[in-house]
Amino acid sequence: MIKNRPHILLLNGPNLHLLGKREPHIYGSMTLTDIECRLKQKASNHGIQLTVFQSNHEGKIVDKIGELGLLADETLQFDGVIINPAAFTHTSVAIRDALLAANKPFIEVHLSNIHAREPFRTHSYFSDRAVGVVCGLGDLGYDMALDWFVQYFNQKLSLV
């Protein structure tokens, strides 16, 4: 349910704290902090609250989804998720199950084109349930996901 101010949870998986340093020819030179700051400003400009979280630990990501998604206090709940599961894309049934339990729309984002990389990277445990997948467009994929949520929230609010 949309509250006074829509709330998006931005989740980033393992090694994304190394953006800007790790394989910039694949992942770009923008740091995760740069991306988060840009998205927070953009979200704020549209009246959206953005909570960011990055972890190298699967269980911490699952806990964060549960902490913000399934609480009785609606003021803490989120209305959607932008997630770059990173390596967990190909392995995490636990994060998938947490997202499905939260029952909120989510968009899967990847900096690189996972379909043009190693064969083990082509399978995602999230894509079949995501409202959209953005891959291969670098850090702009995050902006595209946020733009979709801006439009989604505006449509929901116009129906109220």
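All figures in this text were calculated on a predicted structure; none of them were measured in a lab.

Student: Teacher, can you tell me more about the UniProt feature "active site" (unreviewed entry) in the protein here?
Tutor: The UniProt record marks Tyr27 and His110 with the feature "active site" (unreviewed entry), using the residue numbering of this structure. Across 84 residues, the annotated set stays spatially compact, with a maximum C-alpha separation of 9.1 Å. Looking at the element boundaries, Tyr27 is found in helix H1 (residues 24-27). Those residues in contact with Tyr27, other than ones at most four positions away along the chain, are Leu19, Arg22, Leu111, Ser112 and Arg117. Assessed through its relative accessible area of 4%, His110 is described here as buried. Residues within four places of His110 in sequence aside, it is in contact with Asn84, Pro85, Thr89, Val134, Cys135, Gly136 and Leu137.

Student: Teacher, can you tell me more about the nonpolar core here?
Tutor: In terms of nonpolar packing, the biggest core is built from 24 residues, with Ile8, Leu16, Leu19, Leu39, Ile82, Tyr142 and Phe149 touching the most fellow members. Of all elements in the fold, only strand E1 (7-12), helix H2 (32-45), strand E4 (106-110) and helix H5 (140-159) reach the threshold of two or more residues within this core. Per element, the largest residue contribution to this core is seven residues, and it comes from H5. By size, the runner-up hydrophobic cluster in this structure holds 17 residues, among which are Leu11, Ile61, Ile65 and Val81.

Student: Looking at this structure, I do not really get the environment of Asn103. What am I missing?
Tutor: Along the chain, Asn103 falls in the loop between helix H4 (93-102) and E4. C-alpha of Asn103 to C-alpha of Gly80: the two residues are 23 residues apart in sequence and 9.0 Å apart in space.

Student: Help me understand the pattern of salt bridges, please; the structure alone is not making it clear to me.
Tutor: When the charged atoms of two side chains lie near each other, side chains of opposite charge can form a pair. For the coordinates displayed, the defined rule picks out nine salt bridges. In this structure, Asp143 and Lys42 form a salt bridge, with 3.5 Å as the shortest nitrogen-oxygen distance. Of this pair, Asp143 sits in helix H5 while Lys42 sits in helix H2, and the two are 101 residues apart along the sequence. The burial state of Asp143 is the same as that of Lys42; both residues are buried. For Lys42, the salt bridge identified is with Asp147, shortest N-O distance 2.8 Å.

Student: Hey, could you run me through H4 in this one?
Tutor: Two residues of an α-helix separated by three or four positions point the same way, owing to the 3.6 residues in each turn. What H4 keeps buried is the set Ile95, Arg96, Ala98, Leu99 and Ala102. Angular distribution of buried residues about the axis of H4 spans 160°; they occupy a single face of the element. Between a side-chain oxygen at the N-terminus of H4 and the backbone nitrogen of Ile95 the separation is 2.9 Å; the capping residue is Ser92. A positive backbone phi angle near 55° is found at Asn103, which sits one or two residues after H4.

Student: What am I meant to see in the sheet that holds strand E3 (residues 80-84) here?
Tutor: Each strand in a sheet pairs with its neighbour through backbone hydrogen bonds, running either in the same direction (parallel) or in the opposite one (antiparallel). Read across the open sheet, the five strands follow the order E2-E1-E3-E4-E5; overall the sheet is parallel. Either end of the sheet is taken by a strand with one partner, and the two such strands are strand E2 (49-54) and strand E5 (132-135). Adjacent strand axes in the sheet meet at a mean angle of 15°, parallel and antiparallel pairs treated alike. Of the pairings in the sheet, the one linking E1 to E2 comprises six bridges and is parallel in character. Looking at E2, one finds that Leu11 is bridged to Phe53.

Analysis parameters
Residues numbered from 1 in each chain as written. Predicted model: local features only at pLDDT ≥ 70, side-chain atom pairs only at ≥ 80, totals over all residues. Heavy atoms only, no water. UniProt positions renumbered as here; feature names shortened; annotations may be inferred. Helix = DSSP H or I, 4+ residues; strand = E, 2+ residues; numbered from the N terminus. Contact = heavy atoms within 4.5 Å. Buried < 20%, exposed > 50% of the residue type's maximum accessible area, 1.4 Å probe, protein only. Core = buried A, V, L, I, M, F, W, Y, C linked by side-chain atoms within 4.5 Å. Salt bridge = Lys/Arg side-chain N within 4 Å of Asp/Glu carboxyl O. Arc of directions from axis to C-beta. Polar contact = N/O pair within 3.5 Å; in protein donor to acceptor, adjacent residues only side chain to side chain. Pairing = 2+ DSSP bridges. Axes fitted to C-alpha atoms, helices over the stretch in contact; angles between N-to-C directions.

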